[in-house]
Amino acid sequence: MARPFGRVLEGVTASDPTRAALIIDATVTTYGELAAAVDRCAAGLCSAGVVPGQRIPLVDDTSVLSTAALIGTTHVGAAAALMNPRLTSGELAVLLEAAGTAPIGVAGPGSVGLLGGTGHTTVLGVEELLGGAPGERPDALDPAPGDEAVVLFTSGTTGTPKPVVLNHGLIGPRIAAFAPAVEAEPSVSLMCVPLVHIGGMLGLMVQLAKGNTTVVQTRFDAGQWLALVARHRVQTSFLVPTMLHRILDHPDFATTDLRSLTSLTYGAAPASPELVRRAMASLPGVELTNTFGQTETMGSITALGPGDHSAERLASVGRPLPGVEVRIVDPASGDTVPAGTVGELWVKSAGSVVPSAQADDRTVPAGWFRTGDMVSADAEGYLYPAGRLSDTINRGGEKFAPSEVEAVVRTHPTVRDVAVVGVPDPEMGNRVGCAIVSRDPMTSEALRDFCSGRIANFKLPERLLFVDEIPHNDFGKVDRKELRARFAAATDE
């Protein structure tokens, strides 16, 4: 039986409490120290009036406080609602209302005023939860499978983020599937994605359940990432493609000792075949795995393993994981599309799909989840992403995914990076807006000439915007909402 989420540390603290659990800013926290911090947080939350069933906002980067509070809330029967500390108080207020949180919250040193600025009545920080004499530790409750464990939020790249509730019956077995036992010899991983990301939260819990050591980088920087790998002999890490691109481009890459690296997992956003090919050539001794999923699917539902990284499959996100069923359908009719045709991905998995995600959507059969992701599949079942349904460009009735245009523009020798959006237009509905990071100057006419013959005429770039960097959110996804705003601002000038 899977260990409850609140007892994720017990396998290590019972056998090896002095083992390093977290390394943050060169400070090592052992499993025994982290377990004591969990007890302090649970006691502090209980003393502050937290009761079972409440959702407690937690606003902090990955830290001892946030890790201990995340686990400790379950000891009192509550659930932590993880919120990004880089949001404004106004944006936090929207999430607080959407999640229906309690008036008691937890915030890191830099976020106490941020959470307090929402009108939150009680904000507990490091001093209240980890400082001073510990209060009386409440007995950890044994939750029912349907009890809430943690609340995450969707990335919100096109609209307001939505709360996604993970219950104990889902998250406990999920962690156990990836961490069936404590490792005899701990490995070292580097966590550089936010705790509010499903990959960050779940990845950290899996590493703790295994008894491994996690080096935390709270703000990604390619140069620092390289230095941390060398200093701590890091073996594994999860990266979004933008991070991988910056690591390979960094001037220190060629001279950094990366011999400790054995595997890298990448995902959360599409990776171009060119980037993957470059990573394979630059890191020949490192196994690469591409994963694909959403917050609502508890992260990965497909994987392209090291053995599948062949030239013809570098654009694929792999095949469904065991226990995951998929359908690719016409989003208008719900009919299954032929192999090789782009359609919307529907998923069914009792161990992966968050129950509330199914219940909220009455447009699909019971048990199935409508992902909103557009994909195609080859004859062997390998999936190929084609963007989000909500990102579809509708130009005069012709509908297509931004990724179709991006794939062609990215092959231009001058283009370093690109993102495409539909720019609102009163005549055509959408015009094709193309944001480019370029090595040299380029005109719209030259780009259209390059793309002509490679894609249909109605897909040719019409609005060109040169940027220093494509905007991404903390989840590693292209922020298309921000891009549309930039195109609108450029038009108004």
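The rules behind the values
- Residues numbered from 1 in each chain as written.
- Predicted model: local features only at pLDDT ≥ 70, side-chain atom pairs only at ≥ 80, totals over all residues.
- Heavy atoms only, no water.
- Pairing = 2+ DSSP bridges.
- Helix = DSSP H or I, 4+ residues; strand = E, 2+ residues; numbered from the N terminus.
- Axes fitted to C-alpha atoms, helices over the stretch in contact; angles between N-to-C directions.
- Contact = heavy atoms within 4.5 Å.
- Buried < 20%, exposed > 50% of the residue type's maximum accessible area, 1.4 Å probe, protein only.
- Core = buried A, V, L, I, M, F, W, Y, C linked by side-chain atoms within 4.5 Å.
- Phe/Tyr/Trp six-rings, centres within 6.5 Å; stacked < 30°, edge-to-face > 60°.
- Lys NZ or Arg CZ within 6 Å of the ring centre and 35° of its normal.
- Polar contact = N/O pair within 3.5 Å; in protein donor to acceptor, adjacent residues only side chain to side chain.
- Right-handed = clockwise from strand over helix to strand, strands pointing away.
- Parallel < 35°, antiparallel > 145°, perpendicular 65-115°, else oblique.
- Left-handed = near helix turned anticlockwise from the far one by under 90°.
- Nonpolar A, V, L, I, M, F, W, Y, C, P; charged D, E, K, R; others polar.

So, on to the sheet that holds strand 18 (residues 369-377). Strand order in the open sheet formed by four strands is 16-17-18-19, with antiparallel pairing between adjacent strands. The open sheet has two edge strands, strand 16 (325-329) and strand 19 (383-388), and neither has a second partner. Shown here is a sheet whose adjacent strand axes are inclined to one another by a mean of 45°, direction ignored. One ladder, built from four bridges, connects strand 18 with strand 19; its direction is antiparallel. Along strand 19, the bridge assignment pairs Val375 with Pro385.

By way of backbone hydrogen bonds, the strands of a sheet pair with one another, either parallel or antiparallel. Pairing is mixed in the open sheet, where three strands are placed in the order 22-23-24. The open sheet has two edge strands, strand 22 (415-425) and strand 24 (463-466), and neither has a second partner. Between one strand axis and the next, the sheet turns by 25° as a mean value, whatever way the strands run. Packed onto the sheet, helix 13 (residues 402-409) meets strand 22 and strand 23 (429-438) and runs at close to 145° relative to strand 22.

For the rest of this paragraph, the subject is the side chain of Asp425. Inspection of the secondary structure puts Asp425 in strand 22. Exposure remark for Asp425: the relative accessible area of 13% places this residue in the buried category. Residues contacting Asp425, with those up to four places away along its chain left out, are Asn430, Arg431 and Arg463.

What follows concerns the nonpolar core. In terms of nonpolar packing, the biggest core is built from 68 residues, with Leu70, Leu82, Leu166, Ile171, Ile175, Met201 and Met205 touching the most fellow members. Broken down by element, this core gets its largest block of residues, eight residues, from helix 8 (residues 198-210). When neighbours within four sequence positions are excluded, Leu166 is seen to be in contact with Glu148, Ala149, Val150, Leu152, Ile171, Ile198, Met201, Thr295, Met298 and Val354. If you look at the next biggest cluster of nonpolar residues, it comprises 32 residues, including Val193, Val240, Val276 and Leu314.

Looking at the element boundaries, Ile24 is found in strand 1 (residues 20-24). In sequence terms Ile24 and Ser63 are 39 residues apart; their C-alpha atoms lie 7.3 Å from each other. Setting aside chain neighbours within four positions, we find Ile24 in contact with Thr62, Ser63, Val64 and Val216.

Enumeration over the complete set of coordinates arrives at one aromatic pair. Residues Phe400 and Phe458 carry aromatic rings whose centres are separated by 5.6 Å and whose planes lie at 55° to one another, so their mutual orientation is tilted. Taken as a pair, Phe400 in strand 21 (residues 398-400) and Phe458 in the loop between helix 14 (444-451) and strand 24 lie far apart in primary sequence, 58 residues in all. On the basis of relative accessibility, which here comes to 3%, the residue Phe400 falls in the buried class. In this structure, Arg313 is placed above the aromatic ring of Tyr382, and the distance from its NZ or CZ to the ring centre is 3.9 Å. In this structure, Arg454 packs its charged tip against the face of Phe450, placed 4.0 Å from the ring centre.

What follows deals with the pairing of strand 5 (residues 104-107). The side chains of a regular strand alternate between the sheet's two faces. On strand 5, burial covers both faces: Ile104 and Val106 on one face and Gly105 and Ala107 on the other are all buried. Pairing of strand 5 with strand 6 (residues 122-124) involves three bridges; the strand directions are parallel. The residue bridging Ile104 from the neighbouring strand is Thr122, located in strand 6.

What follows covers the environment of Arg19. Here Arg19 shows up in the loop between helix 1 (10-13) and strand 1. Placed 192 residues apart in sequence, Arg19 and Gly211 show a C-alpha to C-alpha distance of 7.8 Å. Setting aside residues up to four positions removed in sequence, Arg19 forms contacts with Val12, Thr30, Tyr31, Val182, Glu183, Ala184, Pro186, Lys210 and Gly211. Of the polar contacts made by the side chain of Arg19, one reaches the backbone oxygen of Gly211; its length is 2.9 Å.

Among the five residues that make up strand 4 (residues 79-83), five are buried, leaving the element largely enclosed by the rest of the structure. Where burial is concerned, the two faces of strand 4 agree: the one with Ala79, Ala81 and Met83 and the one with Ala80 and Leu82 are both buried. By the bridge criterion, five bridges tie strand 3 (residues 55-59) to strand 4 in an arrangement that is parallel. Across the sheet, the residue bridging to Pro57 is Ala81, located in strand 4. After leaving strand 3, the chain enters helix 3 (residues 64-75) and then returns to the sheet as strand 4, a path that is right-handed. With two bridges joining them, strand 4 and strand 7 (residues 148-153) adopt parallel strand pairing. Its bridge partner lying in strand 7, Ala80 is registered against Val150.

Packing of helix 7 (residues 168-178) against helix 8 leaves a shortest axis separation of 9 Å and a crossing angle of 60°. When the axis of helix 7 is compared with that of helix 8, the two are oblique. For helix 7 against helix 8, the interelement crossing comes out right-handed. Across the interface between the two elements, Ile171, Arg174, Ile175 and Phe178 of helix 7 pack against Met201, Leu202, Met205, Val206, Ala209 and Lys210 of helix 8. For the contact of helix 7 with helix 8, the per-class residue count stands at eight nonpolar, no polar and two charged.

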